[in-house]
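Next come the chains, spelled out residue by residue.
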Amino acid sequence: MNDMEKHNILIIGGPNTGKTHFGAQLYERINSSRFEFKIDTSNRPSDLSIFQDAINNLYNGKRAAHTETGSNRSIELIITDEKNSEVKLAFPDYAGEQITSIVDNRKVNDLWKDYIENSTSWVLFIRLNELTPLEDIVNKGIPSPEEIQKRNSQPPPVKVSEAAFFVELLQTLAYIKGLSTFSPIGKPNLTVVLSCWDELEIPEGQVPATLLQERLPMLFDFLNNNWQDEYLSVIGLSSTEKSLTDEPDDEFIDKEPISFGYLIDKSGIRQEDLTLSIRDFIGHE
Ligand SMILES: Nc1nc2c(ncn2[C@@H]2O[C@H](COP(=O)(O)OP(=O)(O)O)[C@@H](O)[C@H]2O)c(=O)[nH]1
Ligand SMILES: [Mg+2]
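Residues numbered from 1 in each chain as written. Chains lettered and ligands numbered in written order. Predicted model: local features only at pLDDT ≥ 70, side-chain atom pairs only at ≥ 80, totals over all residues.

Draft legend 1. The arrangement of the site of ligand 1 in detail. Around ligand 1, a shell composed of 22 residues is seen, among which Gly18, Lys19, Thr20, His21 and Arg63 lie nearest. If you list the elements that add at least two residues to the shell around ligand 1, you get α2 (19-32) and α8 (197-200). When its residues are assigned to classes, the shell around ligand 1 shows four nonpolar, 13 polar and five charged. (Near = placed C-beta within 6 Å. Helix = DSSP H or I, 4+ residues; strand = E, 2+ residues; numbered from the N terminus. Nonpolar A, V, L, I, M, F, W, Y, C, P; charged D, E, K, R; others polar.)

Draft legend 2. Main features of the nonpolar core. In terms of nonpolar packing, the biggest core is built from 63 residues, with Val123, Leu124, Val193 and Leu194 touching the most fellow members. Sequence-distant contacts of Leu194, that is, excluding residues within four places in its chain, are made with Ile126, Leu128, Pro208, Leu211, Leu212, Val234, Gly236 and Leu237. (Core = buried A, V, L, I, M, F, W, Y, C linked by C-beta atoms within 7 Å. Buried ≥ 20, exposed ≤ 12 C-beta atoms within 10 Å, placed from the backbone. Contact = placed C-beta atoms within 7 Å.)

Draft legend 3. Looking closely at the environment of Asp47. Mapped onto the elements of the fold, Asp47 is located in the loop between α2 and α3 (49-59). We classify Asp47 as exposed; it has 9 C-beta atoms within 10 Å.

Draft legend 4. Seen up close, the packing of helix α4 (residues 97-105) against helix α7 (residues 162-176). Close contact between α4 and α7 brings their axes to 9 Å; oriented N to C, the two are set at 80°. Here α4 is positioned roughly perpendicular relative to α7, judged by the angle of their axes. On α7, the residues touching Ile99, Ile102 and Val103 of α4 are Phe165, Glu168, Leu169 and Thr172. (Axes fitted to C-alpha atoms, helices over the stretch in contact; angles between N-to-C directions. Parallel < 35°, antiparallel > 145°, perpendicular 65-115°, else oblique.)

Put into structure tokens, the structure is as follows:
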């Protein structure tokens, strides 16, 4: 096995979870050579269009447009660390809707199958702020009689909870990769990225895993039961540090986009070097 095949990181996440903005901000950092992980000029992707649109928008202080469904554009970055060993980071099928369809249909297309089979690390993007908590007896009171009558006359579509969605997704991926669920998983290494961390307005020092446990306890338990401790990490990510819109943000234009963004590492410490996330993604050697 050569170095390039050694670490093969797969970015997984539903629509609107911040994958494109992360890719763009990460790319600008590895390209600047000012951070721990870099991209060698010979490894620059020939077609950068997926990230380029986002990068251009960020330089203009604007958010990037949503990746269209069905635009089956994937990108792979080959990144080099200080010891010159190479890490491949794959952002397959940029429209995250395909993730939703993996769970809905319990099957994947050939492209995804390849990515899953070849990956040594999985990175799952979860944007806690966009989750809609399903009503249950614990977090909501009993609905009013009018509400109950309305519900009985219009049965709601069957919808699994967000936690169940991620559990199904990981189980489907594990099945495709041929993993046994009888013993806890070590490979692929799994990193849960709690994206758009700035939106959560969390006080400094919060440990990301604890937040996941509070917000998605069922998923947290599933992960802890099915992954070995040292191959599982939960980190926070803010790629842009604040919410951008279609109106230019002056601060973003004045400073360069790579002055924005940070990680919350697994112990709750803020790191400005977004490329350090790659260390977590790789996990144990
Ligand atoms: N506040 C905030 N918004 C973000 C961040 N990253 C992405 N967004 C916004 O979230 C939306 C979806 O981001 P995008 O990267 O396109 O998600 P993707 O569909 O997973 O590729 C966009 O409107 C972004 O501006 C972040 O770190 N903080
Ligand atoms: Mg996208």
